[in-house]
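The primary structure of each chain is shown beneath.
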Amino acid sequence: MKVRRIPKNQLPECRSEPWVDQTRRPYCCGEDAYLPVRAGFPYDLDLPERQPYTGPGYQRLGDTLLLHGDAPTADALTTLIDWEHPACILHLNHHDGVMRLPDVTVLFGTPHDVTFRETGITYTLNPAKVMFSQGNRLEKQRIRNLIRPGEQVADMFAGIGYFTLSAAVAGAVVHAMEINPDSCGYLRRNAEANGVADTVTIDCGDCRTHLAGPYDRILMGHFDAPDFLSAALAHAKSGTVLHVHGLGDRTGDLTDTLQGAGFRYSLSEHKVKKYASRTWHCVWDIELR
Ligand SMILES: C[S@@+](CC[C@H](N)C(=O)[O-])C[C@H]1O[C@@H](n2cnc3c(N)ncnc32)[C@H](O)[C@@H]1O
């Protein structure tokens, strides 16, 4: 690719010059910018074409990359390091136990706290210590759109704040419960970083002992959430909406619990993401009448 090297701060004024090839993107490195040059115009350098990326798929959290699925080969790892220049690479083997703790193998660098933004929300966490699911991004946005300012919301499985923060930035008053002290620490930091510490109350411990409803909305972001439905219903009222996550088809269990507790309700199912070849991560919206 034929380019002219210019100081990066001159990029905005040079971009519309007649010699600039508008069909290609400028490349920046340090204080320099390399602008692609149209055929027939003078150029400074002929850069080799950037090869397409052929390494493994990854999830980026700040300067750390998280790999899912099979562990990469040594060559694939080198390709990834050369491409992304990360500070750390982790291979996620699985999530463990009720706290869904990540079981990771460190492939490169040293795990540490990372800070990143997703849909306007800032998160800090250590991906080797606590889970963060980017696959739930659309669900977080959906919840954010459903919230009315001033709603009283319970988040029974708050983690580092995936749903709590989405609800709080939409104007809800959130009671966040989380059993893992590490996650509680990040949740507190994240509420402060997003300017919602005044409207988020955090209780570190088992949600069943901290629920203090009735609430307008109850968020239940854990695969075992259907087993916690009775506990949630004891803190609900007519008009309460519950968002109950789970794996596979749990509608029979949910309707049994709702009918056993004597509630009239409407129930709708939403697919969040594919979890295994034939298993979906679903969320059931239940509105009590
Ligand atoms: C699956 S993670 C949160 C996932 C997150 N909601 C998401 O969508 O990515 C579930 C969280 O619930 C917490 N947890 C599990 N059992 C709990 C309980 N009985 N009370 C409070 N928190 C609990 C775990 O420690 C974990 O942080």
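Cut-offs applied
- Residues numbered from 1 in each chain as written.
- Predicted model: local features only at pLDDT ≥ 70, side-chain atom pairs only at ≥ 80, totals over all residues.
- Helix = DSSP H or I, 4+ residues; strand = E, 2+ residues; numbered from the N terminus.
- Rg over C-alpha atoms; globule rule 2.2 N^0.38 Å.
- Buried ≥ 20, exposed ≤ 12 C-beta atoms within 10 Å, placed from the backbone.
- Contact = placed C-beta atoms within 7 Å.
- Near = placed C-beta within 6 Å.
- Nonpolar A, V, L, I, M, F, W, Y, C, P; charged D, E, K, R; others polar.
- Domains from an automatic or database assignment.
- Pairing = 2+ DSSP bridges.
- Core = buried A, V, L, I, M, F, W, Y, C linked by C-beta atoms within 7 Å.

As annotated in an unreviewed UniProt entry, the protein chain carries the name SAM-dependent methyltransferase and comes from Methanocorpusculum vombati.

**What about the overall build of the protein chain?**
Of the regular secondary structure elements, the protein chain holds 8 helices and 17 strands. Compactness check: the protein chain gives a C-alpha radius of gyration of 24 Å against a globular reference of 19 Å for 289 residues, more than 25% above the reference. Considered along the principal axes of its C-alpha atoms, the protein chain spans approximately 80 × 40 × 35 Å. Across the 289 residues that make up the protein chain, the buried fraction comes to 32%. For the protein chain, the share of sequence-separated contacts (at least 6 apart) that also reach a separation of at least 24 residues comes to 54%.

**Section: the site of the ligand**
In the region of the ligand, 19 residues are neighbours, and M99, S133, F157, G159 and G221 sit closest. Elements represented by at least two residues in the shell around the ligand include exactly α4 (162-169) and β12 (173-178). Of the residues that constitute the shell around the ligand, the class distribution is 9 nonpolar, 7 polar and 3 charged. Taken domain by domain, the makeup of the shell around the ligand includes at least three residues from each of domain 2 (59-112) and domain 3 (134-288).

**Concerning unusual backbone geometry**
With omega at 10°, the peptide bond leading from G213 into P214 counts as cis. Unusually for a residue other than glycine, H85 sits at a positive phi of about 45°. With respect to the helices and strands, H85 occurs in the loop between α2 (74-84) and β7 (88-96). Among the residues examined, H85 registers 8 C-beta atoms within 10 Å and is labelled exposed. A positive phi angle is found at R100, which is not glycine, with a value near 50°. Relative to the elements of secondary structure, R100 occurs in the loop between β7 and β8 (101-108). Of the residues examined, R100 has 18 C-beta atoms within 10 Å and is grouped as partly exposed.

**Description of the sheet that holds strand β2 (residues 27-29)**
Here we have 4 strands laid out as an open sheet, ordered β2-β3-β1-β4, and antiparallel in their pairing. The open sheet is flanked by β2 and β4 (45-46), the only strands paired with a single partner. Bridge analysis of β2 against strand β3 (residues 32-36) gives 3 bridges, and the strand direction is antiparallel. Bridge pairing links C29 to D32 in β3.

**Digging into the pairing of β8**
Here β7 pairs with β8 via 7 bridges, running antiparallel. In the strand pairing of β8, L92 is matched with V104. Hairpin connection, β7 to β8: the antiparallel pair is bridged by 4 residues, and G97 has positive phi, about 65°.

**Some words on the nonpolar core**
Soluble globular proteins tend to bury their nonpolar side chains together. Among the nonpolar cores identified, the biggest contains 55 residues, and M156, I218, L219, M220, A232 and V244 are the most heavily contacted of them. Among the elements that make up this core, the one with the highest residue count is α4 (5 residues). When residues are assigned to domains, this core turns out to be shared by domain 2 (59-112) and domain 3 (134-288), each giving three or more. V3, A33, Y34 and L35 belong to the second-largest nonpolar core, a separate cluster that totals 5 residues.

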